[in-house]
Amino acid sequence: ALLYILPPRFAQIEEIEQDRALKALAVIVVVMTAAALFGATCLVSTSTFSFFWVLWFGFALTAGLSLLTTLLICLAQTRGAYMMTAISPMLTSSALLAGIVAAVVFRHAWMVLVGQLVGAAFIVVWGMRSLGVSPRMLRRDFVLGLSALAPLKQHALSIAIGTMAFTLFPSIDAALCTLLEDGAMTTMAFGHRVWIAVATAVSLGAYTIAARTSHDIYQREGRSSLCRRANRETLRMVVFGLGVWLAFVVVGRRLLAVLLVSSEMSGQDLDLLLDCVQWLLLGVGPAATVPYLFRVFYALQEYQKPAAIGILIPVAYGTLALLLIRPFGTLALPYALTAVWWVSLAIALMVLNRRNDG
């Protein structure tokens, strides 16, 4: 939820307050991570220590580092540091890929964890240096940082509910894939990674525009001007997303097939994987646009509408996918996901552009 709470608020406070708020939240993240590690230690003391607990400790630490990375991305979005917003996910994926390759070569699963840890730690250090954030923290800074975020208290629940639109898909997929053949979860996990990476590229800069300029446009020119800006950005991202989908259909599908072909994957499984990616990419435009529109709603001080859409998306996805599983199998999931994102985009645009004389 930090990605949605912070940038609009950061855009309305001075840089020194931004740094204090970020450090205050970083302290909270560190304490939460330490609590998770302590909890794991207590659990280990009552059971047999095993390789599972090594992974548990490592991924708890990775989760904390990932939250710190999220904080820095929020600050980068507010300050218009476009490259950091794009490079951070790329570095994270590259570190994960390196860990996977090492795990395959040396046949040790913990190397995947090492890759993620190294990538997250590097991004935190590099991000702080790039944004000029000093690690020095005083008690007074902590108190002032929290006070700068105080106005968000009344909206935190609505924003957290709104993020359900983007965070519940792995859990829903895990439940749905139990009804499907073996390998369905792997297929969807791969498809989601491609989908998220492409959506990040398609939306590059849009979230920064929403965070930095939406509030100013609304105050200076009114709701209608802000809606026109949002409509133009929506058109740009949707067209860009369709362009990426077309490029995949024409060229990318063949290239990906060459990269993924192996003696252990049948031609039928490979075709299914490529079909899933192709259908997911058809929904990249809306998936990149809806988070941007949520930021626009927040600039208008409207928090309940994104929350309602945030609940609608996962519920509609799970229901539609469940209905389509019998006739379409694994493909039911990308079919449902793409359809739900397009419908959600249409609803968000209608709600945003609805005449509001108030």
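Residues numbered from 1 in each chain as written. Predicted model: local features only at pLDDT ≥ 70, side-chain atom pairs only at ≥ 80, totals over all residues. Heavy atoms only, no water.

**A look at the overall build of the chain**
Inference 1: Each helix and strand in the chain was counted, giving 16 helices and zero strands.
Inference 2: For 358 residues, the compact-globule estimate of 2.2 N^0.38 gives 21 Å, and the chain sits close to it at 21 Å.
Inference 3: With respect to the three principal axes, the spread of C-alpha positions in the chain is 60 × 55 × 35 Å.
Inference 4: A total of 358 residues make up the chain; the buried ones form 46% of that total.
Inference 5: Of the contacts made within the chain by residues no fewer than 6 positions apart, 79% connect residues no fewer than 24 positions apart.
Inference 6: Accessible surface, the chain: about 18200 Å² in total, of which carbon and sulfur atoms supply 68%. (Helix = DSSP H or I, 4+ residues; strand = E, 2+ residues; numbered from the N terminus. Rg over C-alpha atoms; globule rule 2.2 N^0.38 Å. Buried < 20%, exposed > 50% of the residue type's maximum accessible area, 1.4 Å probe, protein only. Contact = heavy atoms within 4.5 Å. Areas by Shrake-Rupley, 256 points an atom, 1.4 Å probe, with all protein chains shown as cover.)

**Thoughts on the nonpolar core**
Inference 1: Counting 81 residues, the largest nonpolar core has Leu6, Leu71, Tyr317 and Leu333 as the members making the most contacts within it.
Inference 2: Those residues in contact with leucine 333 that sit more than four places away from it in its chain are Asp173, Leu176, Cys177, Leu180, Met188, Tyr317 and Ile325. (Core = buried A, V, L, I, M, F, W, Y, C linked by side-chain atoms within 4.5 Å.)

**Some remarks on the packing of helix α9 (residues 169–177) against helix α10 (residues 184–202)**
Inference 1: Contact pair α9 / α10: the axes reach a minimum separation of 9 Å and the direction vectors enclose 155°. The pairing of α9 with α10 is recorded here as roughly antiparallel in orientation. Both α9 and α10 take part in a crossing whose hand is right-handed. Residue-level inspection shows Phe169, Pro170, Asp173, Ala174 and Cys177 of α9 in contact with α10, the latter providing Ala184, Met185, Met188 and His192.
Inference 2: Tallied by class, the residues present in the contact of α9 with α10 amount to seven nonpolar, one polar and one charged. (Axes fitted to C-alpha atoms, helices over the stretch in contact; angles between N-to-C directions. Parallel < 35°, antiparallel > 145°, perpendicular 65-115°, else oblique. Left-handed = near helix turned anticlockwise from the far one by under 90°. Nonpolar A, V, L, I, M, F, W, Y, C, P; charged D, E, K, R; others polar.)

**Here we look at the side chain of serine 225**
Inference 1: With respect to the helices and strands, the residue serine 225 is situated in helix α12 (residues 223–260).
Inference 2: Only 3.1 Å separates the side chain of serine 225 from the side chain of arginine 228, close enough to count as a polar contact. (Polar contact = N/O pair within 3.5 Å; in protein donor to acceptor, adjacent residues only side chain to side chain.)

**Let's talk about the environment of threonine 70**
Inference 1: Relative to the elements of secondary structure, threonine 70 occurs in helix α3 (residues 51–78).
Inference 2: Beyond its immediate sequence surroundings of up to four residues, threonine 70 is in contact with Leu2 and Leu3.

**Some points on the environment of phenylalanine 10**
Inference 1: Secondary-structure assignment places phenylalanine 10 in helix α1 (residues 2–10).
Inference 2: Taking the relative accessible area as the measure of exposure, phenylalanine 10 reaches 0% and is therefore buried.
Inference 3: Once you skip the residues sitting within four places of it in the chain, phenylalanine 10 turns out to touch Gln18, Ala21, Leu22, Cys74, Leu75, Thr78 and Leu149.

**Some thoughts on the confidence of the model for the chain**
Inference 1: Confidence in the prediction for the chain averages 84 pLDDT; 95% of positions are at 70 or higher.
Inference 2: Mean pLDDT per element in the chain: helix α11 (residues 206–221) is the minimum at 72, and helix α16 (residues 332–353) is the maximum at 94. (pLDDT = per-residue confidence, 0-100.)

**Remarks on a nonpolar patch on the surface**
Inference 1: On the surface, a nonpolar cluster with roughly 420 Å² of combined accessible area is contributed by Phe51, Val54, Trp110, Val114 and Val118.
Inference 2: At the level of elements, α3 and α5 (110–131) are the ones that each hand at least two residues to the nonpolar patch.
Inference 3: When residues in the nonpolar patch are grouped by element, the largest group, three residues, is from α5.
Inference 4: For valine 54, the location among the structural elements is in helix α3. (Patch = residues over 30% accessible without salt bridge, like charges linked within 9 Å, V, L, I, M, F, W, Y side chains within 5 Å. Salt bridge = Lys/Arg side-chain N within 4 Å of Asp/Glu carboxyl O.)

**Structural notes on the environment of valine 277**
Inference 1: Take valine 277: it is sitting in helix α13 (residues 267–282).
Inference 2: A relative accessible area of 0% means that valine 277 is categorised as buried.
Inference 3: Separated by 183 residues in sequence, valine 277 and serine 94 place their C-alpha atoms 20 Å apart.
Inference 4: Ignoring anything within four residues of it in the chain, the contact list for valine 277 reads Phe190, Gly191, Val194, Phe248 and Leu256.

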